[in-house]
Amino acid sequence: PIDPAMNTAFNVMTTGPSPTFVYTSTLVFLRGTVVADEGMYTCMASNGAAMVSDQAMLTVNVVPVIQPITVNTVTVLRPVLECTVRAKPDPTIVWLSPSGQQIVSGPRNTFTITETGPDGNFNFLSRLEFNRDAIPSDQGTYTCSATNSEGSDQRDAVVTISLPVEVLDNPDV
């Protein structure tokens, strides 16, 4: 431990953008960190008798945040819902059906789920695609849910199926 009574001087060096440093006696707190602040930090303390230093790696995690899902009314036969999640570490992303059940992906199932990411900004994309033409019973609120060690978020997409009008030619009417 550093003894503050010995006129100890603190010097914190970093190679990236700096967060706010808060000093309390022998501790240094970093506030307002962002992912760009990640890196190796060196703390050096010295007085008239000696100088000591130690290094610590700072890792910044991000609670999942889901961007708004823009598709609310579907007029196409095979709807696609996209869920963009920003998170670190990698999130687990699941889709829930209007009945609240987790959707299982697969070619023999009603839906296919594909995921890509992360990009350079820790964004992940999950796409929920219908494997068959939508029917009125497919209407409802679909939920994208993302979870990692830092927390979770979820966002809803309301799907309304608007089927095309079919005109029958009936000369007897």
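Structure: above.
All values derive from a computational prediction rather than experimental measurement.

1. A short note on the overall build of the protein
The helix and strand tally for the protein stands at zero helices and 12 strands. Secondary structure elements in the protein, listed N-terminal to C-terminal, are β-β-β-β-β-β-β-β-β-β-β-β. Buried positions account for 25% of the 173 residues belonging to the protein. Taking contacts inside the protein between residues at least 6 apart in sequence as the whole, the part at least 24 apart equals 53%. When the accessible surface of the protein is summed, it comes to about 11000 Å², and 53% of that surface belongs to carbon and sulfur atoms.

2. Looking at the packing of aromatic side chains
If you walk through the whole model with that rule in mind, you get three aromatic pairs. Ring centres of Phe 111 and Tyr 142 lie 6.1 Å apart, and the angle between their planes is 70°; this geometry places the pair in the edge-to-face category. Of this pair, Phe 111 sits in strand S9 (residues 111-116) while Tyr 142 sits in strand S11 (residues 140-148); the two residues are 31 residues apart in sequence, bridging distant segments of the chain. Look at Phe 130 and Tyr 142: their rings are 6.2 Å apart centre to centre, the planes differ by 65°, and that puts the pair in the edge-to-face class.

3. What to know about the pattern of salt bridges
Once their charged atoms are close, side chains differing in charge can pair, the charge on each being opposite to the other. Counted under the stated rule, the structure contains five salt bridges. Ionic pairing is found between Glu 82 and Arg 127, a salt bridge with its closest N-O pair at 2.5 Å. Note that Glu 82 is positioned in strand S7 (residues 80-88) and Arg 127 in strand S10 (residues 123-130), a separation of 45 residues in sequence. Judged by its relative accessible area of 37%, Glu 82 is partly exposed. For Arg 127, a relative accessible area of 26% corresponds to the partly exposed category. The partner of Asp 138 in a salt bridge is Arg 132, and the shortest N-O contact between them spans 2.7 Å. Look at the salt bridges and you will find they share partners, linking Glu 82, Arg 127 and Glu 129 into a network.

4. As for the nonpolar core
The biggest cluster of nonpolar side chains holds 20 residues, and the ones touching the most others in it are Leu 81, Cys 83, Val 85, Trp 95, Leu 128, Tyr 142 and Cys 144. Top element by residues in this core is S7. It accounts for four residues.

5. Concerning the sheet that holds S9
The strand order across the open sheet built from four strands is S6-S7-S10-S9, with neighbouring strands paired in antiparallel fashion. Only two strands of the sheet have a single neighbouring strand rather than two, namely strand S6 (62-66) and S9. Each neighbouring strand pair of the sheet contributes to a mean axis angle of 20°, computed without reference to strand direction. In the sheet, S6 pairs with S7 via three bridges, with the strands oriented antiparallel. Within the sheet, the bridge partner assigned to Val 62 lies in S7 and is Lys 88.

Rules used in this analysis
Residues numbered from 1 in each chain as written. Predicted model: local features only at pLDDT ≥ 70, side-chain atom pairs only at ≥ 80, totals over all residues. Heavy atoms only, no water. Helix = DSSP H or I, 4+ residues; strand = E, 2+ residues; numbered from the N terminus. Buried < 20%, exposed > 50% of the residue type's maximum accessible area, 1.4 Å probe, protein only. Contact = heavy atoms within 4.5 Å. Areas by Shrake-Rupley, 256 points an atom, 1.4 Å probe, with all protein chains shown as cover. Phe/Tyr/Trp six-rings, centres within 6.5 Å; stacked < 30°, edge-to-face > 60°. Salt bridge = Lys/Arg side-chain N within 4 Å of Asp/Glu carboxyl O. Core = buried A, V, L, I, M, F, W, Y, C linked by side-chain atoms within 4.5 Å. Pairing = 2+ DSSP bridges. Axes fitted to C-alpha atoms, helices over the stretch in contact; angles between N-to-C directions.

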